[in-house]
Amino acid sequence: QVQLVESGGGSVQAGGSLRLSCATSRYSTSSYCMGWFRQTPGKEREGVAAIVSDGYTSYADSVKGRFTISKDNAKNTLYLQMNSLKPEDTAMYYCAVDPAGLQTPEELRGETYGGLDWGQGTQVTVSS
């Protein structure tokens with residue numbers, strides 16, 4: 001059973017916006033460090049943004065000022081608001097959680113310790 005379900009991907013023109021959602025029935029967003037990753041074929045996976053239970057966040061330099069990670073603890077849902085999208089943002093986007101509840105947002109983004117639980121991904125395509 002998939003524990004993390006992403007949605008909200010799609011196709012948009014450069015400069016546009018999308019909001020990704022990641023709903024979880026297993027993990028409490030108020031208790032775990034969670035994040036968003038992206039990957040394109042032939043490239044390494046990149047940790048885009050992460051957020052810990054107290055709301056502290058961490059972002060990749062490539063998305064700072066354009067993307068915002070947030071969570072709704074009442075809905076157990078993680079979000080990624082993506083503004084000013086660029087063609088280079090095109091990728092499959094995945095949400096992930098640290099089931100052990102021990103990692104910092106930086107460690108989760110860097111996959112420092114691995115052991116993450118992953119969603120199935122949602123495709124984002126940005127055209128120029």
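As a reminder, the structure under discussion sits directly above these lines.
Below, the structure is looked at part by part. (Residues numbered from 1 in each chain as written. Predicted model: local features only at pLDDT ≥ 70, side-chain atom pairs only at ≥ 80, totals over all residues. Heavy atoms only, no water.)

**Focus on the overall build of the chain**
- Scanning the chain from N- to C-terminus turns up one helix and eleven strands.
- Helices and strands appear in the chain in the N-to-C order β-β-β-β-β-β-β-β-β-α-β-β.
- The C-alpha radius of gyration computed for the chain amounts to 13 Å, which stays within 12% of the reference 14 Å derived for 128 residues, consistent with globular compactness.
- Referenced to the eigenvectors of the C-alpha coordinate spread, the extents of the chain come out at roughly 40 × 30 × 30 Å.
- When the 128 residues of the chain are sorted by exposure, 45% land in the buried category.
- Pairs at least 24 apart in sequence give 60% of the contacts found in the chain among residues at least 6 apart.
- Carbon and sulfur atoms form 45% of the exposed surface of the chain, whose accessible area is close to 6,200 Å².
- Across the chain, the centroid of the 11 positively charged side chains sits 5 Å from that of the 13 negatively charged ones. (Helix = DSSP H or I, 4+ residues; strand = E, 2+ residues; numbered from the N terminus. Rg over C-alpha atoms; globule rule 2.2 N^0.38 Å. Buried < 20%, exposed > 50% of the residue type's maximum accessible area, 1.4 Å probe, protein only. Contact = heavy atoms within 4.5 Å. Areas by Shrake-Rupley, 256 points an atom, 1.4 Å probe, with all protein chains shown as cover. Lys, Arg positive; Asp, Glu negative; His and termini not counted. Charge placed at Lys NZ, Arg CZ, Asp CG, Glu CD.)

**Considerations on the pattern of salt bridges**
- In total, this model carries five salt bridges according to the counting rule given.
- Across the pair Glu46 and Arg38 runs a salt bridge, and its minimum N-O distance is 2.8 Å.
- By relative accessible area, Glu46 is classed as partly exposed at 27%.
- Classification of Arg38 by relative accessible area gives buried; the value is 7%.
- One salt bridge connects Glu111 with Arg45, and the closest N-O pair in it is separated by 2.8 Å. On the criterion of sequence distance, the pair formed by Glu111 in the loop between α1 (105-109) and β10 (117-118) and Arg45 in the loop between β4 (34-39) and β5 (46-51) is long-range, its members being 66 residues apart.
- Residues participating in the shared-partner salt-bridge network are Arg38, Glu46, Arg66 and Asp89. (Salt bridge = Lys/Arg side-chain N within 4 Å of Asp/Glu carboxyl O.)

**What about the environment of Thr104?**
- Within the secondary structure, Thr104 is located in the loop between β9 (91-97) and α1.
- Expressed as a C-alpha distance, the spacing of Thr104 and Ser53, which sit 51 residues apart in the sequence, is 9.8 Å.

**A look at the sheet that holds strand β1 (residues 4-7)**
- Ordered by their spatial adjacency, four strands build an open sheet running β1-β3-β8-β7, and the pairing between neighbours is antiparallel. Looking along the sheet, the strands with just one partner apiece sit at the ends: β1 and β7 (67-72). Adjacent strand axes in the sheet meet at a mean angle of 15° when their direction is disregarded.
- Where β7 meets strand β8 (residues 77-82), six bridges bridge the pair, whose relative direction is antiparallel. Its bridge partner lying in β8, Ile69 is registered against Leu80. (Pairing = 2+ DSSP bridges. Axes fitted to C-alpha atoms, helices over the stretch in contact; angles between N-to-C directions.)

Just distances and angles here, no functional claims.
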